Amino acid sequence: MPDAPTPTHDQLYAMYRSMVTMRRFDAVVTELAEADRIPGYAHTYTGSEAIAAGVCAALRPSDWIASTYRNHGHAIGKGVALRAMAAELHGRRTGTAKGKGGSMHISDFGVGMLGAFGIVAAGMPIALGAALSMKMQGRDEVAVAFFGDGAVHQGVFHEAMGLAKLWNAPVLFVCENNQYAEATALDYHLHTETVANMAAGYALPGVRADGMDVVAVYQATLEAVARARAGGGATLLEFVSYRFSGQYEGDKQTYQPADERAAWWAREPLTAFEQAAAERGLDAARLERIRADADAEVAAAFAAAEQDPWPEPDELYDDVYVSYEGGLR
Amino acid sequence: MPDAPTPTHDQLYAMYRSMVTMRRFDAVVTELAEADRIPGYAHTYTGSEAIAAGVCAALRPSDWIASTYRNHGHAIGKGVALRAMAAELHGRRTGTAKGKGGSMHISDFGVGMLGAFGIVAAGMPIALGAALSMKMQGRDEVAVAFFGDGAVHQGVFHEAMGLAKLWNAPVLFVCENNQYAEATALDYHLHTETVANMAAGYALPGVRADGMDVVAVYQATLEAVARARAGGGATLLEFVSYRFSGQYEGDKQTYQPADERAAWWAREPLTAFEQAAAERGLDAARLERIRADADAEVAAAFAAAEQDPWPEPDELYDDVYVSYEGGLR
Amino acid sequence: MSERLLTIRDAINEALVQAMEADPTVFLMGEDVAGGAGRDDRGGLDAWGGPFGVTRGLATRFGRERVLDTTIAEAGFFGAAVGAAMTGMRPVVELMYVDFAGVAYDQMLNQAAKVRYMFGGTQKVPMVMRTVVGGGFRAAAEHSQTLYSIFAHIPGLKTVAPTTAADAKGLLLTAIADDDPVVFFEHKRMYMQKSHVPEAPEPIPFGVAAVRREGTDLTIVGVQRGVQFALEAAEALAGEDISVEVIDPRTYTPLDKGTILASVAKTGRLMIVDESYPRASLATDLAAIVADEGFESLKGPIRRVTAPHTPVPFSPPLEDAYLPLPGRIVAEVKRLLGA
Amino acid sequence: MSERLLTIRDAINEALVQAMEADPTVFLMGEDVAGGAGRDDRGGLDAWGGPFGVTRGLATRFGRERVLDTTIAEAGFFGAAVGAAMTGMRPVVELMYVDFAGVAYDQMLNQAAKVRYMFGGTQKVPMVMRTVVGGGFRAAAEHSQTLYSIFAHIPGLKTVAPTTAADAKGLLLTAIADDDPVVFFEHKRMYMQKSHVPEAPEPIPFGVAAVRREGTDLTIVGVQRGVQFALEAAEALAGEDISVEVIDPRTYTPLDKGTILASVAKTGRLMIVDESYPRASLATDLAAIVADEGFESLKGPIRRVTAPHTPVPFSPPLEDAYLPLPGRIVAEVKRLLGA
Ligand SMILES: Cc1ncc(C[n+]2csc(CCOP(=O)(O)OP(=O)(O)O)c2C)c(N)n1
Ligand SMILES: Cc1ncc(C[n+]2csc(CCOP(=O)(O)OP(=O)(O)O)c2C)c(N)n1
Ligand SMILES: [Mg+2]
Ligand SMILES: [Mg+2]
């Protein structure tokens, strides 16, 4: 991407802040899950922070994203409040979904986070619909669907790609190729050379970039966003990373060879960013402050959330419908 | 396909017989439908006879096919008895499904006709499963799924193609590209240059041939069948034809420009075959006899079927389950 | 004022026209809802208007930007409807036959129905899923189902099944204006039935049943075409001095339990008529509600006259025995009343 | 002979082993049913054995030709199972969570269920669809459903929901040997419960309910985990001199109506406990059957204790209020008996 704009220092610091916040947030989630201090399933994001941070940096607050069960990074990247996320994970009334959704279903309309969908690839047509909606309303917002490498086999991937082409919709399909779908490795499940190759079946552009490099992600996204805003339609973006996290907290990951993990870890996105920092003219001390700030902010969010009130049992009946004649009970 | 074997004269006569039978059969269906003399929906096959005839000529009786609501041609090609088909269309107890299925659901296990499925693309994974089954049983039979150009957008097309690759299954996906999906023309709905192009997304061979030329169809199929039997896996075949029939009987086809229809009609498969007959050394008188025989056979089948007994109302309860503890009523 | 008679089909068309005129965020999506892919060189903007002609004329009137022909990708375009509904539009999306629900069911069951709840009420999904149901066309197992129950079962969805042209129009207007996802069932055998329909847009509220016929000996609650079958049976039974009350719930989620319970309080007896499969169904739902909340009024068993537990058969004599036609209802009523 | 205690999870595993040993046409398919795509360099042949470890060890034992890890393409591999079943195999195919049914529902609803009927009984589809249901894991709206009803509604499918380890084994053996498509529900909160399981393969017939506890004042029919909730409630109520009979239908299609009706004939009262959605459900199904065929025995209303008409909430206090836990059952029983 030689002619893609280089991010400014401020932008780089912001992306770094975003990434370290994601990393720290999920580190706390892992701790809490291990200590049985949060209920339910949690899916963490370690290793793919550059993807969410780079993509979201290329978006406006009014652009939309749709995410998956593995959504914490996307939510943080798009600007969802940590406090409300932490409260949601804790099942508290102050959470993004008042405790009704939990870790798998973070959403925040106010910052363009359409929501997180637990069914593999289900968010793809929903993001497509948001994009269609923007187009119909004459707005130039775009929509992004995040999904994993495993999701490319699901029928609705195909349908969403095809309809995006048909409608020339301003949507970005962002595949986080983290080498694994649950315990199934990419070389077993992917048929084409790359995920990006699959775009050809829909006559859409398919772009692959290093998902460990936040700047590469940012630049590739920016180009696709510009095309979409200008009426040029959809793009399939593939960002290559590694799922250092388990499929969910508790997964022993016996299917990931140790040497493979080690080799990828050498390239993990925070280290990669820090190593390139000097060259990019960034200030090491400022990076350290950012880390400390992020740690503190995450810690404060969880500490506060854990003190938050539980929902009352009767709140169960709220929010099913906007209105329901005769009432629900 | 320069090195594909040329069909023998006997084979050519057989394919012609197959095609004219299909044409005649559906002509009678149209007449009966117009006269309100058969119940239900009927979907006829005029224009694509060369596809079913050519494909089935390349198969063994023990190979499997799965079809759609537009199945009469496939059934005839595979050798389903006309008498039983006609009776099924008439809703008689002597029908292929004892009157339970009708025109949309012809099947005949005995000749390898797995059945006809009314949901677009639903037969694709079913044929795939039959292919997997043959492979697991150590047999070298193959399975074929017929479907239309419109079906390539359905999610399960994608899933069946991908799984066929994953399992290296001996299955042929045969797309009858007849230019229309209901009232929607190909140039509106297809994103790639050809349907065959879509095979690349699954790293499968995609082959396109003239669906008006029964020999071209036969040869392309033969090659794919040979590959599948030899353990070489699946192929996507695209045969190009034209849907002279309505979507269903009664459809006025206002969306097909007259000049377009005329241009394609000039190439319709029976005429094409007859024009090439002399050059292939076939005997015109014998072709005429074949036509007369086919007409007579079709007429006899329908005439007899119309005299067949209706099922008794209570037969309604048969054939839901192989066994049902306590009974259905 | 003279009666303006419209078919159910045309009443639905009129509701769509009026809703689209009144609100620019309303748009249609589906396979051949225009037809000819909305192209002038392909038989005009309305080659089809859907296989039953329900949406005919709308592409001409509103342009193909608002009447979108889709590919055969139901999961994709139902999901797109969810996303569009979440972000300011009011999609009316067509599932050509309810029998095809299985290919898009996830988007209905898990996304449309749950978005509001699992995101804590911060979002809404104002979409209408129009679909065609019903037997009687000799269309066999995959084009004749009603499948009301797989939607009525799911919290978060509303379900509507009109039986008259006026209701079809009024309930569809309400459905489109409603902020929740609504599944709107149209019975293919009822499209051509005519009745008086007011010209002005007059929405009919959800959750209000209609008493279609008053009676004293027995209450029959019909489900969509079951209402008509019940009315025909009631007419026949009237000749034998049996007085049947016929109730049409019109909407099933929400359900007007009050009208049903009040009727059973009066008659003491309940029958339910529905052409759907008999198990875990709307018919069992209505029976179960009355067996609990209306138990004290009951003088006898609650009888369900439904399809049997089999797929829909093709052959006319089989399908006729399959459907809960008036003759079967009459016989069951007599058996129930010991008449 | 000493009692051999197994968890439900291990009992299912054992049934699979025995079925696969006895019949070479039985094979498994699903996402990570082996895990590590069955590769030795990926943590051995059984990195996972499914997310709950139910199929652990099977790939090692039978090879990955008979334990097929699939991609995330449920419509594809469920359809493939239909095709394989039609042509001589007996696939046991796993839907990881029943909540994902929506993406493959067409193949279940229209193909697996209808192939035999719409082809006039010339074919059969001997396949088992194993799937995981249930709340109580704080897994929220898309990983906690039971959805029994969208299968029980459909003619052509059989539905089985075991509640003990012995039943899980015996009913799964029957399901695999059965010539019809069977949906086999496993409750995720019950996997680790232990009970005595015979080592030999002893199939348990479909359509035979189990009376889990005898009683005289009231019959409770539980649906899967509802049976356990009912048993706990019955125990508590026994302390207050209320005698509850608890019935476990075990299979829902086919259903053993006789045992339920006989119990209601004895007690005169019926309650149904099910954690599913309340509308058009198995609970309404059971209620409707008794409100018709058992009406004469009834001394009072038929009460359903179910989940409310809402998606499953995440937060523990909400989910606890959502489920029909024993405390709610006890309170409802007392209300019903006026105690
Ligand atoms: C339709 C559907 N099938 C299966 C699952 C279970 N499941 C959850 S995550 C997952 C793997 C997804 O892998 P990938 O898309 O690569 O995403 P990643 O977890 O690596 O981010 C599976 C199979 C599901 N949620 N939805
Ligand atoms: C999933 C599904 N959606 C829609 C339909 C309705 N339908 C029946 S045939 C058809 C068009 C199919 O076109 P194509 O695949 O090109 O086949 P052709 O009729 O041309 O042979 C449609 C939309 C269906 N049967 N199944
Ligand atoms: Mg992945
Ligand atoms: Mg076509």
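Residues numbered from 1 in each chain as written. Chains lettered and ligands numbered in written order. Predicted model: local features only at pLDDT ≥ 70, side-chain atom pairs only at ≥ 80, totals over all residues. Heavy atoms only, no water.

**As for the pattern of salt bridges**
Line of reasoning, step 1. Throughout the structure, instances matching the rule amount to 91 salt bridges over all chains.
Line of reasoning, step 2. With a shortest N-O distance of 3.0 Å, Asp-292 of chain C and Arg-303 of chain D are connected by a salt bridge. Of this pair, Asp-292 of chain C sits in helix α10 (residues 282-293) while Arg-303 of chain D sits in strand β14 (residues 303-306), on two different chains.
Line of reasoning, step 3. For Arg-303 of chain D, a relative accessible area of 16% gives the class buried.
Line of reasoning, step 4. Glu-14 of chain D serves as the salt-bridge partner of Lys-169 of chain D, at 2.7 Å between the closest nitrogen and oxygen. With a gap of 155 residues between them, Lys-169 of chain D in helix α7 (residues 165-177) and Glu-14 of chain D in helix α1 (residues 8-22) connect regions that are remote in the sequence. (Salt bridge = Lys/Arg side-chain N within 4 Å of Asp/Glu carboxyl O. Helix = DSSP H or I, 4+ residues; strand = E, 2+ residues; numbered from the N terminus. Buried < 20%, exposed > 50% of the residue type's maximum accessible area, 1.4 Å probe, protein only.)

**Focus: the interface of chain C and chain D**
Line of reasoning, step 1. Each side of the interface is counted separately: chain C has 54 residues, and chain D has 54 residues.
Line of reasoning, step 2. For the pair chain C and chain D, the summed buried area comes to about 4600 Å², and 62% of that belongs to carbon and sulfur atoms.
Line of reasoning, step 3. Three residues, Tyr-117, His-153 and Arg-279 of chain C, lead the burial of chain C against chain D; their summed loss comes to 16% of the area buried on that side.
Line of reasoning, step 4. There are 4 salt bridges connecting chain C and chain D.
Line of reasoning, step 5. As a salt-bridge pair, Asp-285 of chain D and Arg-279 of chain C come within 2.8 Å of each other at their nearest N and O atoms.
Line of reasoning, step 6. The interface formed by chain C and chain D contains 23 residue pairs in polar contact (both at pLDDT 80 or more).
Line of reasoning, step 7. For the side of chain C that touches chain D, the secondary-structure elements that each account for two or more residues are α4 (105-112), α5 (115-118), α6 (149-152), β12 (251-253), α10 and β14 (303-306) of chain C.
Line of reasoning, step 8. Looking at which element gives the most residues to the side of chain C that touches chain D, the answer is α10 of chain C, with 8 residues.
Line of reasoning, step 9. Each residue belonging to the side of chain C that touches chain D can be placed in one class, and the counts come to 29 nonpolar, 14 polar and 11 charged. (Contact = heavy atoms within 4.5 Å. Buried area = accessible area lost by both parts, 1.4 Å probe. Polar contact = N/O pair within 3.5 Å; in protein donor to acceptor, adjacent residues only side chain to side chain. Nonpolar A, V, L, I, M, F, W, Y, C, P; charged D, E, K, R; others polar.)

**With respect to the relation of the copies chain C and chain D**
Line of reasoning, step 1. Rotating chain C by 180° and translating it 0.0 Å along the rotation axis places it on chain D, where the RMSD comes to 0.0 Å. Read as a symmetry element, the transformation amounts to a two-fold axis.
Line of reasoning, step 2. The residues that chain C uses at the interface reappear at the interface of chain D in 100% of cases, marking a shared surface. (Least-squares fit on C-alpha atoms with pLDDT ≥ 70 in both.)

**Overview of the relation of the copies chain A and chain B**
Line of reasoning, step 1. When chain A is fitted onto chain B, the two copies agree to an RMSD of 0.0 Å after a turn of 180° and an axial shift of 0.0 Å.
Line of reasoning, step 2. When you check the interface residues of chain A against chain B, 100% turn up at the interface there too, and the contact is symmetric in its surfaces.

**Some thoughts on the domain arrangement of chain C**
Residues and elements named next belong to chain C.
Line of reasoning, step 1. Taken domain by domain, chain C comprises domain 1 (3-198) and domain 2 (210-337).
Line of reasoning, step 2. Centre-to-centre separation of domain 1 and domain 2, based on C-alpha positions: 27 Å.
Line of reasoning, step 3. At the interface, 31 residues of domain 1 touch 27 residues of domain 2.
Line of reasoning, step 4. Overall, the association of domain 1 and domain 2 removes approximately 2300 Å² of surface from exposure, summing both partners, and the carbon and sulfur fraction of that is 49%.
Line of reasoning, step 5. Counting the surface domain 1 buries against domain 2, the share from its top three residues, Arg-138, Tyr-148 and Thr-163, is 27%.
Line of reasoning, step 6. Linking domain 1 with domain 2 are 4 salt bridges.
Line of reasoning, step 7. With its nearest N and O atoms 2.9 Å apart, the salt bridge here joins Arg-138 to Glu-319. (Domains from an automatic or database assignment.)

**Brief notes about the site of ligand 1**
Line of reasoning, step 1. The environment of ligand 1 is formed by 21 residues, the closest being Tyr-69, Arg-70, Gly-150 and Asn-178 of chain A together with Glu-74 of chain D.
Line of reasoning, step 2. Each of chains A and D places residues next to ligand 1.
Line of reasoning, step 3. Here Arg-70 of chain A contributes a side-chain N or O atom positioned 2.8 Å from an oxygen atom of ligand 1.
Line of reasoning, step 4. Take Asp-149 of chain A: an N or O atom from its side chain is 2.9 Å from an oxygen atom of ligand 1.
Line of reasoning, step 5. Taking 580 Å² as the accessible area of ligand 1 by itself, protein coverage stands at 97%.
Line of reasoning, step 6. Its residues assigned to classes, the shell around ligand 1 comprises 9 nonpolar, 6 polar and 6 charged. (Near = heavy atom within 4 Å. Areas by Shrake-Rupley, 256 points an atom, 1.4 Å probe, with all protein chains shown as cover.)

**What about the nonpolar core?**
Nonpolar side chains in soluble globular proteins generally cluster together in the buried interior.
Line of reasoning, step 1. One finds Trp-167 and Phe-173 of chain A together with Trp-167 and Phe-173 of chain B to be the most contacted residues of the largest nonpolar core, which totals 326 residues.
Line of reasoning, step 2. Sequence-distant contacts of Phe-173 of chain B, defined by excluding residues within four places in its chain, comprise Met-124, Ala-145, Phe-147, Ala-160, Met-161, Ala-164, Ala-234, Thr-235, Leu-236 and Leu-237 of chain B. (Core = buried A, V, L, I, M, F, W, Y, C linked by side-chain atoms within 4.5 Å.)

**What about the packing of aromatic side chains?**
Residues and elements named next belong to chain C.
Line of reasoning, step 1. Under the counting rule described, the total for this entry stands at 50 aromatic pairs over all chains.
Line of reasoning, step 2. A ring pair is formed by Phe-52 and Tyr-191, whose centres lie 5.4 Å apart and whose planes are at 40°; its orientation type is tilted. Within this pair, whereas Phe-52 is found in the loop between β2 (26-30) and α2 (58-62), its partner Tyr-191 is found in the loop between β7 (182-187) and β8 (194-196), the two being separated by 139 residues in sequence. Per residue, the accessibility class of Phe-52 equals that of Tyr-191, and both read buried. (Phe/Tyr/Trp six-rings, centres within 6.5 Å; stacked < 30°, edge-to-face > 60°.)

**Details of α4 of chain C**
Line of reasoning, step 1. In terms of burial, α4 of chain C is a largely internal element, 8 of the 8 residues being buried.
Line of reasoning, step 2. Along α4 of chain C, the positions that sit buried rather than exposed are Tyr-105, Asp-106, Gln-107, Met-108, Leu-109, Asn-110, Gln-111 and Ala-112 of chain C.

**Comments concerning the interface of chain A and chain B**
As a measure of interface size, the accessible area lost when the parts come together is often cited.
Line of reasoning, step 1. With 18 residues of chain A at the interface, the matching set in chain B holds 18 residues.
Line of reasoning, step 2. Roughly 1400 Å² of surface becomes buried between chain A and chain B when both sides are summed, with 63% attributable to carbon and sulfur atoms.
Line of reasoning, step 3. Contact with chain B buries surface across chain A, with His-158, Leu-166 and His-191 of chain A losing the most and accounting together for 42% of the total.
Line of reasoning, step 4. The tally of links between chain A and chain B comes to 0 salt bridges.
Line of reasoning, step 5. Run the count over chain A and chain B and you get 7 residue pairs in polar contact (both at pLDDT 80 or more).

**A few points about the sheet that holds strand β8 (residues 235-240) of chain B**
Residue and element names in this part refer to chain B.
Line of reasoning, step 1. Spatially, 6 strands are ordered β2-β1-β3-β4-β8-β7 in an open sheet, and the strand pairing comes out parallel. A strand with exactly one partner marks an edge of an open sheet, and here the two such strands are β2 (113-117) and β7 (206-210). The sheet shows a mean angle of 20° between the axes of neighbouring strands, taken without regard to direction.
Line of reasoning, step 2. Pairing of strand β1 (residues 64-68) with strand β3 (residues 143-148) involves 3 bridges; the strand directions are parallel. Its bridge partner lying in β3, Ala-66 is registered against Ala-145. (Pairing = 2+ DSSP bridges. Axes fitted to C-alpha atoms, helices over the stretch in contact; angles between N-to-C directions.)

**Overview of the packing of α1 of chain D against α7 of chain D**
Residue and element names in this part refer to chain D.
Line of reasoning, step 1. One way to put it is that α1 packs onto α7 with a least axis distance of 8 Å and a crossing angle of 30°. One finds that α1 runs roughly parallel with respect to α7. Remark: the crossing between α1 and α7 carries right-handed chirality. In contact with Ile-8, Ala-11, Ile-12, Glu-14, Ala-15, Leu-16, Gln-18 and Ala-19 of α1, α7 contributes Ala-165, Ala-168, Lys-169, Leu-172, Leu-173 and Ile-176. (Parallel < 35°, antiparallel > 145°, perpendicular 65-115°, else oblique. Left-handed = near helix turned anticlockwise from the far one by under 90°.)

**As for the site of ligand 2**
Line of reasoning, step 1. In the vicinity of ligand 2 there are 21 residues, among which Tyr-69, Arg-70, Gly-150 and Asn-178 of chain B together with Glu-74 of chain C approach most closely.
Line of reasoning, step 2. Nearby residues place ligand 2 at the junction of chains B and C.
Line of reasoning, step 3. Interatomic distance of 2.9 Å between a side-chain N/O atom of Tyr-69 of chain B and an oxygen atom of ligand 2.
Line of reasoning, step 4. Between ligand 2 and the protein, one listed contact pairs a nitrogen atom with a backbone N or O atom of Val-120 of chain B at 3.0 Å.
Line of reasoning, step 5. Contact with the protein chains removes 97% of the 580 Å² of surface that ligand 2 exposes when unbound.
Line of reasoning, step 6. Of the residues that constitute the shell around ligand 2, the class distribution is 9 nonpolar, 6 polar and 6 charged.

**Examining the coordination of the magnesium ion (ligand 3)**
Residue and element names in this part refer to chain A.
Line of reasoning, step 1. The magnesium ion (ligand 3) binds to the protein through Asp-149 (OD), Asn-178 (OD1) and Tyr-180 (O); the donor distances cover 2.0 to 2.1 Å.
Line of reasoning, step 2. Going along the chain, you hit the donors of the magnesium ion (ligand 3) in the pattern D-x28-N-x1-Y.
Line of reasoning, step 3. Relative accessible area serves as the criterion here: at 3%, Tyr-180 is assigned to the buried category. (Donors = N, O, S within 2.8 Å, 3.2 Å for Na, K, Ca; no water.)

**Looking at the environment of Gly-102 of chain D**
Line of reasoning, step 1. Positionally, Gly-102 of chain D belongs in the loop between β4 (90-95) and α4 (105-112).
Line of reasoning, step 2. Separated by 27 residues in the primary sequence, Gly-102 of chain D and Ala-75 of chain D have C-alpha atoms spaced 9.1 Å apart.

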